[in-house]
Amino acid sequence: QKEVEQDPGPLSVPEGAIVSLNCTYSNSAFQYFMWYRQYSRKGPELLMYTYSSGNKEDGRFTAQVDKSSKYISLFIRDSQPSDSATYLCAMSAGQGNNRLAFGKGNQVVVIP
Amino acid sequence: DVKVTQSSRYLVKRTGEKVFLECVQDMDHENMFWYRQDPGLGLRLIYFSYDVKMKEKGDIPEGYSVSREKKERFSLILESASTNQTSMYLCASSSSGAGRPYEQYFGPGTRLTVT
């Protein structure tokens, strides 16, 4: 079983819809959770950063972490064509281990 | 702002050539990473370094080597390029100290084609 599972299927939504993305993980030591956004032909950039469980909101973006279920989510409200990108989840156990475990990414297309 | 730069955006090399990919970061980060990214396979870690002259193998080190002679620079070397090394190569850096621990900053990527 991979440490991080992210269904890599593409997602097409109409402009204004809510986009829901999620990842599951197996390592209960993970406590730092991130979502990266990657535009075509660019490097990933950090979108959301969460430590431990709970919700975090930043504008139209909400990140949720449920450590009891080993499940994290990213919601994009009022989606815009500029949100069209690949979204990757990433996580770390911390404690000096500098590696991140990444999901495979979801390609999201927001149709005007 | 953290800046991670990579020496080339696009590179075309022939089978058997020795290939150097350079990465430079300007934030005094201790940790640097090399990944390759392929459709359907996601990001895979090739090598990483947590200090000058230190290196550790990632998940797919075969066919690659690295060099870190200065803190800001991390080089990926393909000793004898092969067609299965055609990929997008991404460099990243992170700090072991202040700020958001374990957050990695990525460069723009080098798309390498080996013919």
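Parameters at a glance
- Residues numbered from 1 in each chain as written.
- Chains lettered and ligands numbered in written order.
- Predicted model: local features only at pLDDT ≥ 70, side-chain atom pairs only at ≥ 80, totals over all residues.
- Heavy atoms only, no water.
- Core = buried A, V, L, I, M, F, W, Y, C linked by side-chain atoms within 4.5 Å.
- Buried < 20%, exposed > 50% of the residue type's maximum accessible area, 1.4 Å probe, protein only.
- Helix = DSSP H or I, 4+ residues; strand = E, 2+ residues; numbered from the N terminus.
- Contact = heavy atoms within 4.5 Å.
- Buried area = accessible area lost by both parts, 1.4 Å probe.
- Salt bridge = Lys/Arg side-chain N within 4 Å of Asp/Glu carboxyl O.
- Polar contact = N/O pair within 3.5 Å; in protein donor to acceptor, adjacent residues only side chain to side chain.
- 1 Å grid on protein atoms, 1.4 Å probe; cavity = no way out; pocket = protein on both sides within 12 Å on 5 of 7 lines; lining within 4 Å.
- Points joined across faces, edges and corners; volume = space filled by probe spheres on them.
- Nonpolar A, V, L, I, M, F, W, Y, C, P; charged D, E, K, R; others polar.

(A) Highlighting the nonpolar core. With 26 residues, the main nonpolar core has A:Val4, A:Phe30, A:Trp35, A:Ile72, A:Tyr87 and A:Met91 as its most contacted residues. Elements that contribute at least two residues to this core include exactly β3 (19–25), β4 (32–38), β5 (45–51), β7 (61–66), β8 (71–76), β9 (85–92) and β11 (106–111) of chain A. What A:Phe30 contacts, discounting residues up to four positions off in sequence, is A:Glu3, A:Val4, A:Tyr25, A:Lys67, A:Met91, A:Ser92, A:Ala93 and A:Ala101. B:Phe74, B:Leu76, B:Leu78 and B:Ala81 belong to the second-largest nonpolar core, a separate cluster that totals 20 residues.

(B) Structural view of the interface of chain A and chain B. With 21 residues of chain A in contact, the opposing surface of chain B contributes 26 residues. Taking both partners together, chain A and chain B bury about 1,900 Å²; carbon and sulfur atoms supply 57% of that area. Our count for the contact surface shared by chain A and chain B stands at one salt bridge. A salt bridge links A:Arg99 to B:Asp59; the nearest nitrogen and oxygen atoms lie 2.9 Å apart. Remark: the boundary between chain A and chain B carries six residue pairs in polar contact (both at pLDDT 80 or more).

(C) Structural view of the layout of surface pockets. Approximately 580 Å³ is the volume found for the largest pocket. Around the largest pocket, the lining comprises 25 residues; the ones closest to its centre are A:Gln38, A:Thr86, B:Gln37, B:Asp38 and B:Pro39. Counting only elements with at least two residues in the lining of the largest pocket, the list comes to β9 and β11 of chain A together with β4 (31–38) and β9 (87–94) of chain B. Taken together, the residues that form the lining of the largest pocket break down as eight nonpolar, twelve polar and five charged. In this structure, the second largest pocket spans a volume of roughly 430 Å³. Around the second largest pocket sit 22 residues that line it, and A:Glu3, A:Arg99, A:Leu100, A:Ala101 and B:Asp59 are the ones nearest its centre. With four residues, strand β5 (residues 42–49) of chain B is the largest single contributor of residues to the lining of the second largest pocket. When its residues are assigned to classes, the lining of the second largest pocket shows eleven nonpolar, five polar and six charged.

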